Amino acid sequence: MSTRDIAIAITIAVAALVLVAMFTAWRRRLRRDSGLAAPLGVPEHAEVLDRHEVLYVSTTKHDQPLERLAIQPLAYRARGEAAVTDRGLALCLDGAPTVFLASARLASVDRATVTIDRVVEPGGLVRVAWNADDDTIVDSYLRVTDGDPQNFISELQRLVPATDDTAAPDTGATS
């Protein structure tokens, strides 16, 4: 066996180890996140207020844009459409059932620049923070591909329920 054959065998072995490690890590992540699931199905009679073509980028732990979550069916990047309805946000992604984030689940909507696997111009991503369950807020990132996302963001922000943190501060005045 020549030195060249040994080098090729080592390269193939290392590549195979890397692929096995990647596969194992992804399977572990899927198991870790199996307790979380995105809500499916759009309620009847939901009125569409705004609609945009989007690239779904990722879902991450809240305020940790580099810590991907493998929440089904949002585990993989996809093209699709985001529809803001009077009852919440519908994500119709290619090859996946429609995810519906009811307004009661929405925590906040703003712009972002970076998330796992994607860095864009400042404010080029739309970050939708939502409640995956009673104790877990997650961030889903979308890139609007058919124009300026400001109208989309404004429509979504109107659906976010007011919380005690966003309520007007108590001035102590009485009437």
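### Focus on helix H2 (residues 150-159)
Of all the residues in H2, the buried ones are Phe152, Ile153, Glu155, Leu156 and Leu159. Buried residues of H2 fall within an arc of 165° about the axis and therefore sit on the same side. Considering only its buried residues, H2 is in contact with strand S1 (48-61), strand S3 (78-85), strand S4 (88-93), strand S6 (106-112), strand S9 (125-133) and strand S10 (136-144).

### A short note on the nonpolar core
Soluble globular proteins: nonpolar side chains tend toward being buried together. Core analysis: the largest hydrophobic core is formed by 29 residues, its most contacted members being Leu89, Leu106, Val128, Trp130, Phe152 and Leu156. Those elements that place two or more of their residues in this core are S1, S3, S4, strand S5 (99-102), S6, S9, S10 and H2. When neighbours within four sequence positions are excluded, Leu106 is seen to be in contact with Leu101, Val128, Ala129, Trp130, Leu156, Leu159, Val160 and Pro161. Core analysis: the next-biggest nonpolar cluster, separate from the first, contains 5 residues, Val57, Ala112, Val120 and Leu125 among them.

### Some details on the side chain of Asp50
In this structure, Asp50 sits in strand S1. Buried charge without a partner: Asp50 forms no salt bridge, and the closest opposite charge is Arg51, 7.8 Å away. One polar contact links Asp50 to Asn151, side chain to side chain, over a distance of 3.3 Å. Among the polar contacts made by the side chain of Asp50, one reaches the main-chain amide nitrogen of Phe152 at a distance of 3.4 Å. If we ignore the near neighbours within four places in the chain, the residues touching Asp50 are Ala82, Ala83, Val84, Asn151, Phe152 and Glu155.

### Observations concerning the side chain of His52
With respect to the helices and strands, His52 occurs in strand S1. Excluding residues within four positions of it along the chain, His52 makes contact with Gly80, Glu81, Ala82, Val144, Asp146, Asp148 and Phe152.

### Digging into a nonpolar patch on the surface
Among the surface-exposed residues, Met1, Ile6, Ile10, Val14, Val18, Leu19 and Met22 lie close enough to one another that they form a single nonpolar patch of about 750 Å² accessible area. Among the secondary structure elements, Ile10 is positioned in helix H1 (residues 3-32).

### Here's the deal with the pairing of S4
The buried fraction of S4 amounts to 5 of the 6 residues, a majority that puts the element mostly inside the structure. Pairing between S3 and S4: 6 bridges, direction antiparallel. For Ala82, the partnering residue across the bridge sits in S4 and is Leu91. Here S4 pairs with S5 via 4 bridges, running antiparallel.

Rules behind the numbers
Residues numbered from 1 in each chain as written. Predicted model: local features only at pLDDT ≥ 70, side-chain atom pairs only at ≥ 80, totals over all residues. Heavy atoms only, no water. Buried < 20%, exposed > 50% of the residue type's maximum accessible area, 1.4 Å probe, protein only. Helix = DSSP H or I, 4+ residues; strand = E, 2+ residues; numbered from the N terminus. Arc of directions from axis to C-beta. Contact = heavy atoms within 4.5 Å. Core = buried A, V, L, I, M, F, W, Y, C linked by side-chain atoms within 4.5 Å. Lys, Arg positive; Asp, Glu negative; His and termini not counted. Salt bridge = Lys/Arg side-chain N within 4 Å of Asp/Glu carboxyl O. Polar contact = N/O pair within 3.5 Å; in protein donor to acceptor, adjacent residues only side chain to side chain. Patch = residues over 30% accessible without salt bridge, like charges linked within 9 Å, V, L, I, M, F, W, Y side chains within 5 Å. Areas by Shrake-Rupley, 256 points an atom, 1.4 Å probe, with all protein chains shown as cover. Pairing = 2+ DSSP bridges.

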